[in-house]
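Chain residues, written in single-letter form:
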Amino acid sequence: MIHRLNQPDYNRWACQIKHTGGCRQPIHLRGKVEHYDRATGQLLHRYSTTTEPNGVLRVPCKTRRASRCPACAEIYRADTYQLVRAGLVGGKGVPETVSTHPCQFVTLTAPSFGAVHVRREKNGKVLPCHARRNAETCPHGRVMSCTDRHSADDVRLGEPLCSDCYDYDGSVLFNAISSELWRRFTLALRRRFARLNGLTVKALREHVSISFAKVAEYQRRGVVHFHAVIRLDGPDGPSSPPPAWATADDLDQAVRHAVAAVTAEIKPLRRTFRWGAQLDTRRVTMDGELTDQAVAAYIAKYATKAAECVGTLDRRIQPLDNLDALPVREHARRLIAACMRLGSEPGLADLRLIHWAHMLGFRGHFSTKSRRYSTTLGALRAAREEHMRTEEITTGRLPLFDEDTVLVIAHWQYAGQGLSIGEQVLAAAITGTRLPYAGGGGR
Ligand SMILES: [Zn+2]
Ligand SMILES: [Zn+2]
Ligand SMILES: [Zn+2]
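Conventions we followed
Residues numbered from 1 in each chain as written. Chains lettered and ligands numbered in written order. Predicted model: local features only at pLDDT ≥ 70, side-chain atom pairs only at ≥ 80, totals over all residues. Heavy atoms only, no water. Helix = DSSP H or I, 4+ residues; strand = E, 2+ residues; numbered from the N terminus. Buried < 20%, exposed > 50% of the residue type's maximum accessible area, 1.4 Å probe, protein only. Contact = heavy atoms within 4.5 Å. Lys, Arg positive; Asp, Glu negative; His and termini not counted. Charge placed at Lys NZ, Arg CZ, Asp CG, Glu CD. Salt bridge = Lys/Arg side-chain N within 4 Å of Asp/Glu carboxyl O. Donors = N, O, S within 2.8 Å, 3.2 Å for Na, K, Ca; no water. Tetrahedral: all angles 85-135°; square planar, octahedral: opposite > 155°, others 65-115°. Phe/Tyr/Trp six-rings, centres within 6.5 Å; stacked < 30°, edge-to-face > 60°. Lys NZ or Arg CZ within 6 Å of the ring centre and 35° of its normal. Axes fitted to C-alpha atoms, helices over the stretch in contact; angles between N-to-C directions. Parallel < 35°, antiparallel > 145°, perpendicular 65-115°, else oblique. Left-handed = near helix turned anticlockwise from the far one by under 90°. Nonpolar A, V, L, I, M, F, W, Y, C, P; charged D, E, K, R; others polar. Patch = residues over 30% accessible without salt bridge, like charges linked within 9 Å, V, L, I, M, F, W, Y side chains within 5 Å. Areas by Shrake-Rupley, 256 points an atom, 1.4 Å probe, with all protein chains shown as cover. Core = buried A, V, L, I, M, F, W, Y, C linked by side-chain atoms within 4.5 Å. Expected span 1.5 Å × (residues − 1).

Asker: Before we move on, could you go through the overall build of the chain and cite the residues and values that matter?
Answerer: For the chain, the count of helices and strands is 10 helices and 13 strands. Burial status across the chain gives 45% buried among its 443 residues. Expressed as a percentage of contacts within the chain between residues at least 6 apart in sequence, the contacts between residues at least 24 apart total 70%. Mean positive and mean negative side-chain charge positions of the chain (63 and 44 charges, respectively) differ by 4 Å.

Asker: How would you sum up the pattern of salt bridges? Please name residues and give values.
Answerer: A complete count under the given rule lists 17 salt bridges for this structure. Ionic pairing is found between D252 and R256, a salt bridge with its closest N-O pair at 3.0 Å. Within this pair, D252 and its partner R256 are both found in helix 6 (residues 248-261), separated by 4 residues, close to a single helical turn. Using a relative accessible area of 18% as the deciding quantity, one classes D252 as buried.

Asker: How would you explain the coordination of the zinc ion (ligand 1) if you had to name every residue and give the values?
Answerer: Ideal coordination angles are 109.5 degrees for a metal with four donors arranged tetrahedrally and 90 or 180 degrees for a metal with six donors arranged octahedrally. At 2.2 to 2.3 Å from the zinc ion (ligand 1) lie its protein donor atoms, namely C23 (SG), C61 (SG), C69 (SG) and C72 (SG). What the 4 donor atoms of the zinc ion (ligand 1) show is an angle range of 103 to 114° at the metal, which sorts the shape as tetrahedral. Between consecutive donor residues of the zinc ion (ligand 1), the sequence gaps follow C-x37-C-x7-C-x2-C. In this structure C69 comes out as buried when scored by relative accessible area, which is 0%.

Asker: Tell me about the coordination of the zinc ion (ligand 3), and please be specific about residues and values.
Answerer: In this structure, C138 (SG), H140 (ND1), C162 (SG) and C165 (SG) serve as the protein donors to the zinc ion (ligand 3), at separations of 2.0 to 2.3 Å. One chain supplies every donor for the zinc ion (ligand 3), spaced along it as C-x1-H-x21-C-x2-C. Placement of the pair is H140 in the loop between strand 6 (125-127) and helix 4 (168-196) and C162 in the loop between strand 6 and helix 4, with a sequence separation of 22 residues. H140 gets classed as partly exposed once you look at its relative accessible area, which sits at 39%.

Asker: Describe the packing of aromatic side chains, and please don't skip the residues or the numbers.
Answerer: How two aromatic rings sit relative to each other is set out by the distance from centre to centre and by the angle between their planes. Across all of its chains, the model carries 11 aromatic pairs by this definition. Each ring, one from Y166 and one from Y168, has its centre 4.9 Å from the other, and the planes form 65°; the classification is edge-to-face. In this structure Y168 comes out as buried when scored by relative accessible area, which is 7%. By the ring-pair criterion, three or more aromatic residues cluster together here, those being F113, F174, W182, F185, F212, Y218, F226, F273, W275 and F362. For K214, the ring lying beneath its charged end belongs to F226, and the centroid distance is 5.1 Å.

Asker: Can you explain the packing of helix 2 (residues 10-19) against helix 10 (residues 421-431)? Please cite residues and give values.
Answerer: Helix 10 packs onto helix 2 with a crossing angle of 65° between their chain directions and a minimal axis gap of 9 Å. Judged by the inter-axis angle, helix 2 sits roughly perpendicular to helix 10. Of the two possible hands of crossing, helix 2 and helix 10 adopt the one that is right-handed. For the pair helix 2 and helix 10, the contacting residues are Y10, W13, A14, I17 and K18 in the first and E423, L426, A427, I430 and T431 in the second. Class assignment of the residues belonging to the contact of helix 2 with helix 10 gives a composition of 7 nonpolar, 1 polar and 2 charged.

Asker: An account of a nonpolar patch on the surface is requested, with residue identities and associated values reported.
Answerer: Taken together, the side chains of M1, I2, L5, V425 and L435 define a hydrophobic patch exposed on the protein surface, amounting to about 420 Å² of accessible area. On the secondary structure map, L5 appears in helix 1 (residues 2-6). Judged by its relative accessible area of 40%, L5 falls in the partly exposed class.

Asker: Quick rundown of the side chain of D79? Include the residues and the values.
Answerer: Here D79 lies in helix 3 (residues 70-89). What D79 contacts, discounting residues up to four positions off in sequence, is L377, L380, R381 and R384.

Asker: Residue-level account of the environment of W182, with values.
Answerer: For W182, the location among the structural elements is in helix 4. In this structure, the C-alpha to C-alpha distance between W182 and A264, residues 82 residues apart in sequence, is 9.5 Å. Excluding residues that lie within four positions of it along the chain, W182 makes contacts with L108, F212, K214, F226, A228 and W275.

Asker: I'd like a rundown of helix 10, residues and numbers included.
Answerer: Inspection of helix 10 places G422, E423, Q424, L426, A427 and A428 among the buried residues, and these make up the whole buried set. As for helix 10, its buried residues are in contact with helix 1 and helix 2. Two residues or fewer after helix 10 comes G432, characterised by a positive phi angle close to 65°.

Asker: Any details on the nonpolar core? Residues and values, ideally.
Answerer: Membership of the largest hydrophobic core comes to 60 residues, with the highest contact counts inside it found for F185, L189, F193, I230 and W275. Among the elements of the structure, strand 4 (103-108), helix 4, strand 7 (209-218), strand 8 (224-233), helix 6, strand 9 (264-266) and helix 8 (330-343) are those that each provide at least two residues to this core. Looking at this core, the element that brings in the most residues is helix 4, giving 13 residues. Excluding its chain neighbours within four sequence positions, the residues that come into contact with F193 are L204, V208, I210, L232, A246, T247, D250, L251 and A254. Core analysis: the next-biggest nonpolar cluster, separate from the first, contains 19 residues, L88, A213, Y373 and L380 among them.

Asker: Let's hear about helix 8: which residues, and what values?
Answerer: Compared with an ideal rise of 1.5 Å per residue, which puts 14 residues at 20 Å, helix 8 spans 20 Å between its outermost C-alpha atoms and is within 8% of the ideal. When we look at burial in helix 8, the residues that qualify are H331, A332, R333, L335, I336, A338, C339, M340, L342 and G343.

Asker: Please provide a residue-by-residue account of the packing of helix 4 against helix 8, values included.
Answerer: As a packed pair, helix 4 and helix 8 sit with axes 9 Å apart at the nearest point and diverge in direction by 70°. Considered as vectors, helix 4 and helix 8 are oriented roughly perpendicular to each other. Residues Y168, D169, S171, V172 and L173 of helix 4 form the contact with helix 8, whose participating residues are H331, R334, L335, A338, C339, R341 and L342.

Remember, this is a structural readout, not a statement about activity or role.
Right, dumping it as structure tokens:
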């Protein structure tokens, strides 16, 4: 820390750190940017990192995972919020009339893989976990009952009542196939919606398009479920209204039908998976019980969470890692072990379970949307970067040239990542962010 403070270029370093917005693991780039006049070929401006502290430029890591970098994950969360919200009420290039289109907020759950400790509330009162009058005893001699009223931070939440009965294989296989199950759900939904209106899927497309934005969430038991916004538009997407006969009631009915109808099979094991019985589908309105803001905030919240909130790791697990030594809770360890064991079976290679063991078998994207839902994260990023560039120009870092007349040639090279412990302390002070390891982190 003292070494850094005593460097003659400390101010420039502090300025770079400020621009990373409190990124915990900034990427170091070495390189140069040259601006040429397109007409004359004359070099107008050259920026090189050779004069920067340590000869590198520090840029934000842009991770979406809060356990790795809270500052960058917060930007990702805010972008996701804007993206989901634009699809509900308009903005960011989506017309405001989109808010009048029928729209459902749907939660698709996973089936049960064995009884787990749960916290349930009714009218503000916490209920007993698994109160059974004549609870049976499992083959391992455990009574399948728990009358505790678990607190919200009880470490047993999500843990099986009997870990020897629990279907760990089923849990990780469901995670592995859940994206396929989702894909089949969207196809079945379109089919059902078309049939409800006496049309073929192809004919439906001329009148109605159905858009999705979804996010995956890990439940405490280590299995994913999905929250999705499903919206009806006219044939040209959000800018065109759906016909009057395309109603929210039909959409709701088609969702319920499709959830119950679809299956996905893991053939080598002859195991068929379907969605869990718990289905929540609610209408999104501007002013009703479920508002657009609540939905956007809900989806954005999960976009930056990964499996580590279940108590697993936020990095890949290597086949030679000693599973017993991993700093994870026992339930997660058994899920990881199931991934490692099933992943080495030749018939299941496609599921890439070893590669995704730290995600407990799930290899899908955390937040996805169909092409026509709203704007894209890329467009939001580009808009923000343009804003930052304008700011840099006004502070004199880059000369102001017209893009059409200037040729920009850039050479960049990755030169490392991260900050030393002393630099982390300084960076936290400069950007007003929390220090890593200062409690609460996902380590
Ligand atoms: Zn970062
Ligand atoms: Zn319990
Ligand atoms: Zn048992």
